[in-house]
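Remarks on the overall topology
Each chain, letter by letter, is given below.
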Amino acid sequence: MPARAFDSLESHLDHEKHLDDFHALKELPESYEWTPLDQDQYPSIDQAPRVESVPLIDLDGPNAENLVGNACKKWGVFQVINHGISTRKLDDIESACRRLFSLPQSQKVRAARSLDGVTGYGPARISSFFRKQMWSEGFTILGSPQEHARLLWPDDYTEFCEITEEYQEEMKRLSAKLMSLMLGSLGITKEDFEWPGPARDFQDSCAALQLNSYPKCPDPDRAMGLAAHTDSTLLTILYQNTTKGLQVLREGFGWVTVQPVPGALIINVGDLFHILSNGSYLSVVHRAMVNRARHRFSVAYLYGPPRDALVSPHRKMVDHNRPPMYRAVSWKEYLGIKAIHFDKALSTIKICTPSVAVNANDYSENDRVES
C-alpha cells in the first residue's frame, strides 16, 4: 500500500511524545496515571448490568451471513473461527511480535517513525489527543517492513519480513471474504461497487499492519494501554494472544471485555463501513487495558478501500425514509479529518441526522476525552 495514503494522518501526529523503557519502570510515572477524568465516563462490565459476550461466529456455518449482520448492527464487533488462517500463521506473527518488542529500547528506537514518515516504531497514533501517555508501544507496516527491519536486525531481518508479508496476504484474502459477508447481510453485492477491482475480489484495497505491545504494568488500575477510539477503516481484523485486555463499548451496558478464544480473530466495524451502511452498522468504540502479570500482544490489520475511492451511504441503504447521513469521502480525506477532529470526525461529514439515532458511537460533547 502506498504510504502517501496515510500522509494526511501523519502530518498531525504529536512527535514530541516518546516511549519509555517500560521494562525498566518499577513504578507508574505520573505521566502515565489516568484518573477517572482522563478516562471515559462509562462503567466497566464489573459495574454494569449483566450483558452477553461478543458474538462468536463460525464462518463455515450455514447462517454466517445473517449472524455477521446481526453482530455488526448490535455490537459493531464479533469474533470468527474457521476463518482460514492456520494456527501456524497466527503463532508465527505472535512470535514476530515477541521478537520485535523484546529488543532493548535502544535498539527499537533505531526503527522509530520519522517526522514525515508513517511506518516504524512509536507510540499509539492517537496519543496526541490525550494529556496522559499510554502504556503501549507499536510498530506500523505498509507492505514490506524491510527498511526498518534492517535497522533492527542488520544480518537477520528476512524472517521477520517474510512472516509479516505472508500474514498480510492472508489478511487481504480474509478481508475480501468478510466484506462479502458484511455487504451481503445488507443486500449489497460486489457488483454494486466500482472499487472492488476488475475481478470484484476487493484486492485493490489499501491496508496497514499494526503490531502492538502492552507490557506488564506496575499499577494497571491507573494506567491505560490504548485509549478509547473507533477505527477509520472499513473493517479491522485483530489477533490477540491469550491475555485479555481488549474492551468494547456496548451502549446501555458499558465496557465489555472481549475474552480471548484460541484461534479466533476479532473483527471491528470501522467508520467507513458505518458510512457505507448509512449508519446501520456500528463503528465500535474500543480500548485496551493492561495488567500486572502478563505481557499482551495484538496484531491489527487495518483494511480500507483504494485511497482515492469515494465511500458514501450505498444507494440500497437510502430511501425517502432513510436519507443519506454522510457525504462522500475518500479514506485519504477521512484520515485527515480524523487526525484533526478525532472522535468528532463522523460528525463533521454528517449531512442528515435521523429521527432515531443509529450511530451509538457518535460521542456527545460531554463524553469526549479532552486532550
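Let me begin by describing the structure that accompanies this report. No experiment lies behind these values; they were computed from the predicted model shown. (Residues numbered from 1 in each chain as written. Predicted model: local features only at pLDDT ≥ 70, side-chain atom pairs only at ≥ 80, totals over all residues. Heavy atoms only, no water.)

The next point concerns the pattern of salt bridges. Across all of its chains, the model carries 16 salt bridges by this definition. For the salt bridge of Arg88 with Asp92, the shortest nitrogen-to-oxygen distance reads 3.1 Å. Of this pair, Arg88 and Asp92 both sit in helix α3 (residues 87-101), separated by 4 residues, roughly a single helical turn. Residue classification places Asp92 among the partly exposed positions, given a relative accessible area of 23%. The partner of Arg322 in a salt bridge is Asp319, with the nearest N and O atoms 3.6 Å apart. Exposure remark for Arg322: the relative accessible area of 35% places this residue in the partly exposed category. You can call Asp319 partly exposed: its relative accessible area is 35%. Salt bridges linked by common partners bring Glu33, Asp219 and Arg222 together as one network. (Salt bridge = Lys/Arg side-chain N within 4 Å of Asp/Glu carboxyl O. Helix = DSSP H or I, 4+ residues; strand = E, 2+ residues; numbered from the N terminus. Buried < 20%, exposed > 50% of the residue type's maximum accessible area, 1.4 Å probe, protein only.)

Quick look at the nonpolar core now. Residues Phe139, Leu211 and Leu265 are the most contacted members of the largest nonpolar core, which totals 90 residues. Per element, the largest residue contribution to this core is 11 residues, and it comes from helix α6 (residues 158-184). The residues contacting Phe139, other than those within four sequence positions of it, are Leu100, Phe101, Ala111, Gly120, Tyr121, Pro145, His148, Leu152, Phe160, Leu209, Gln210 and Leu211. Listed in part, the 15 residues of the second largest apolar core include Val118, Val248, Val258 and Ile266. (Core = buried A, V, L, I, M, F, W, Y, C linked by side-chain atoms within 4.5 Å. Contact = heavy atoms within 4.5 Å.)

Take unusual backbone geometry next. Note: most peptide bonds trans; most residues except glycine with negative phi. Even without glycine at this site, Asn278 takes up a positive phi of about 55°. Within the secondary structure, Asn278 is located in the loop between α7 (271-276) and β11 (286-288). Overall, Asn278 belongs to the buried group, its relative accessible area being 6%. In this structure, Phe342 is a non-glycine residue whose phi angle is positive, near 50°.

Here the focus is the packing of helix α2 (residues 64-74) against α6. Two numbers describe how α2 lies on α6: the axes approach to 8 Å, and their chain directions differ by 80°. Accordingly, the angle class assigned to the pair α2 and α6 is roughly perpendicular. Two secondary-structure elements touch here, α2 through Glu65, Val68 and Cys72 and α6 through Ser180, Leu181, Met182 and Gly184. Classifying every residue of the contact of α2 with α6 gives 4 nonpolar, 2 polar and 1 charged. (Axes fitted to C-alpha atoms, helices over the stretch in contact; angles between N-to-C directions. Parallel < 35°, antiparallel > 145°, perpendicular 65-115°, else oblique. Nonpolar A, V, L, I, M, F, W, Y, C, P; charged D, E, K, R; others polar.)

Reading across the sheet, the 4 strands line up as β6-β11-β8-β9 and stay open at both edges, with antiparallel pairing between neighbours. The sheet is open, and its two borders are formed by β6 (226-229) and β9 (254-257), each paired with just one other strand. On average, each strand axis in the sheet is tilted by 25° relative to the strand beside it, whichever way the strands run. (Pairing = 2+ DSSP bridges.)

Right, let's talk about the packing of aromatic side chains for a bit. Scanning all chains against the criterion turns up 11 aromatic pairs. The interplanar angle of 75° and the centroid separation of 5.3 Å between the aromatic rings of Tyr32 and Trp135 together place this pair among those described as edge-to-face. Of this pair, Tyr32 sits in the loop between α1 (7-10) and β1 (56-58) while Trp135 sits in the loop between β3 (120-122) and β4 (137-141), and the two are 103 residues apart along the sequence. Looking at Tyr32, the relative accessible area reads 1%, which means it is buried. (Phe/Tyr/Trp six-rings, centres within 6.5 Å; stacked < 30°, edge-to-face > 60°.)

The 8 strands lie next to each other as β1-β2-β10-β7-β12-β5-β4-β3, forming an open sheet whose pairing is mixed. Of all strands in the sheet, those bounded by a partner on one side alone are β1 and β3. Each neighbouring strand pair of the sheet contributes to a mean axis angle of 25°, computed without reference to strand direction. Inspection of the sheet shows β4 paired to strand β5 (residues 206-214) by 5 bridges, in the antiparallel sense. When the bridges of β5 are listed, Gly138 appears paired with Asn212. α2 contacts β1, β2 (77-81) and β10 (265-269) of the sheet and is inclined by roughly 160° relative to β1. Set on the sheet, α6 makes contact with β2, β4, β5, β7 (235-240), β10 and β12 (296-304); between it and β7 the angle comes to about 130°.

By themselves these figures say nothing about function.
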